[in-house]
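Structural overview for review
Chain residues, written in single-letter form:
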Amino acid sequence: MNFLEERIVKDGVVKEGNVLKVDSFLNHQMDIKLLDQMGAEFKRRFADKPINKILTIEASGIGIACIAAQHFDVPVVFAKKSQSINLDGDMYVAEVESFTHKCINHVIVAQKFLSPEDHVLIIDDFLANGCALQGLIQIVQSSGATVEGIGIAIEKGFQSGGRIIRNLGFQLESLAIVDGMNAETGEIQFRDQSKPAEESGQTEEICRSSTLD
């Protein structure tokens, strides 16, 4: 059991509906020492990649991405979920579904912050159905930049997102993969990542993305 799995067992709370609450240390109150360990581990796993930019999505991914960026010594760009007066110029926009909030979001990145010269590491806190990641991937690809890898704190392995992203050919590294949860007992089952993952031919429609002027 790795350091993040141990912390999830210690302080995570399982709720009905396959909900895992980690708000005491990860995505509401943040344990910066833990995030620093996570950043170091992402750096180790992607050490051979020429990463010069990290991309995440607001809001929960920002803290993890910023701490990780210190290990890579690169800037962070975060996709916004709503248009604001502070956004101007040309934008990349993807329409994605939120598993947590059960709604459709338009995620937005200004074109000036992504270019064909960029080698991007995408980072987020959770991976469930993979739609948000597919939206970020489409934004990176629309810019002509390269997705060098994807780093996830916690993947829900019993949902299809991880399988879909890996089947698309990307290096996806999840620090903890939860294969099962029991809300009555609080038990959490983690995947043994030392074993090879099962291959699957499953595919899913990629979330729509577009470029707006």
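See the structure shown above.
Keep in mind that what you see is a predicted model, and the values were worked out from it rather than measured. (Residues numbered from 1 in each chain as written. Predicted model: local features only at pLDDT ≥ 70, side-chain atom pairs only at ≥ 80, totals over all residues. Heavy atoms only, no water.)

Moving on: the side chain of Glu173. Among the secondary structure elements, Glu173 is positioned in strand β9 (residues 172-181). Of the polar contacts made by the side chain of Glu173, one reaches the side chain of Arg45; its length is 3.0 Å. Contact partners of Glu173, with chain neighbours within four places excluded, come to Phe42, Arg45, Phe46, Ile150, Gly151 and Ile152. (Helix = DSSP H or I, 4+ residues; strand = E, 2+ residues; numbered from the N terminus. Polar contact = N/O pair within 3.5 Å; in protein donor to acceptor, adjacent residues only side chain to side chain. Contact = heavy atoms within 4.5 Å.)

With that out of the way, let us pick up the pairing of strand β8 (residues 146-156). Burial within β8 is extensive, with 10 of its 11 residues counted as buried. Pairing between strand β7 (residues 119-127) and β8: 8 bridges, direction parallel. Paired with Leu121 across the two strands is Gly149, which belongs to β8. Viewed along the sheet, the connection from β7 through helix α4 (residues 131-143) into β8 turns out right-handed. Strand direction decides the pairing type here: β8 and β9, joined by 6 bridges, are parallel. Across the sheet, Gly151 pairs through a bridge with Glu173, a residue of β9. (Buried < 20%, exposed > 50% of the residue type's maximum accessible area, 1.4 Å probe, protein only. Pairing = 2+ DSSP bridges. Right-handed = clockwise from strand over helix to strand, strands pointing away.)

For a regular strand, side-chain orientation follows a simple rule: the groups alternate between the two sheet faces. Counting buried positions along β9 yields 9 of 10 residues, so the element is predominantly enclosed. Relative to strand β10 (residues 188-190), β9 runs antiparallel, the two being bridged by 3 bridges. Within β10, the residue paired with Met181 across the bridge is Ile188. What sits between β9 and β10 in their antiparallel hairpin is a turn of 6 residues, with Gly186 showing a positive phi close to 80°.

Packing of helix α1 (residues 3-11) against helix α2 (residues 32-45) brings their axes to within 10 Å, and their N-to-C directions diverge by 150°. Between α1 and α2, the interaxial angle falls into the category roughly antiparallel. For the pair α1 and α2, the sense of crossing is left-handed. In contact with Phe3, Leu4 and Arg7 of α1, α2 contributes Leu34, Gln37, Met38 and Glu41. Class assignment of the residues belonging to the contact of α1 with α2 gives a composition of 4 nonpolar, 1 polar and 2 charged. (Axes fitted to C-alpha atoms, helices over the stretch in contact; angles between N-to-C directions. Parallel < 35°, antiparallel > 145°, perpendicular 65-115°, else oblique. Left-handed = near helix turned anticlockwise from the far one by under 90°. Nonpolar A, V, L, I, M, F, W, Y, C, P; charged D, E, K, R; others polar.)

One recurring pattern in soluble globular proteins: nonpolar side chains tend to sit buried together. If you look at the biggest cluster of nonpolar residues, it comprises 31 residues, and the most contacted ones within it are Leu4, Ile8, Leu20, Leu26, Met38, Ile54 and Ile154. Residue assignment for this core shows that the elements contributing at least two residues are α1, α2, α3 (60-72), β7, β8, β9 and β10. Examining the composition of this core, we find that 6 residues originate from one element, α3, more than from any other. Residue contacts for Leu4: discarding those within four places in its chain leaves Phe25, Leu34, Met38, Ala153, Ile154, Leu175 and Ala176. Residues Val77, Ile137, Ile139 and Val147 belong to the second largest nonpolar core, which totals 26 residues. (Core = buried A, V, L, I, M, F, W, Y, C linked by side-chain atoms within 4.5 Å.)

Another aspect to go through is the pattern of salt bridges. Counting across every chain of the model gives 10 salt bridges. Its salt-bridge partner being Glu41, residue Arg44 comes within 2.6 Å of it at the nearest N-O pair. On the criterion of helical spacing, the pair formed by Arg44 and Glu41 is a turn pair, its members being 3 residues apart in helix α2. Assessed through its relative accessible area of 55%, Arg44 is described here as exposed. Taking the relative accessible area as the measure of exposure, Glu41 reaches 15% and is therefore buried. Of the charged contacts, one joins Arg191 and Asp179 as a salt bridge, the two residues approaching to 2.8 Å between their closest N and O atoms. With Arg191 in the loop between β10 and β11 (209-212) and Asp179 in strand β9, the pair connects residues that are 12 residues apart, well separated along the chain. By relative accessible area, Arg191 is classed as partly exposed at 27%. (Salt bridge = Lys/Arg side-chain N within 4 Å of Asp/Glu carboxyl O.)

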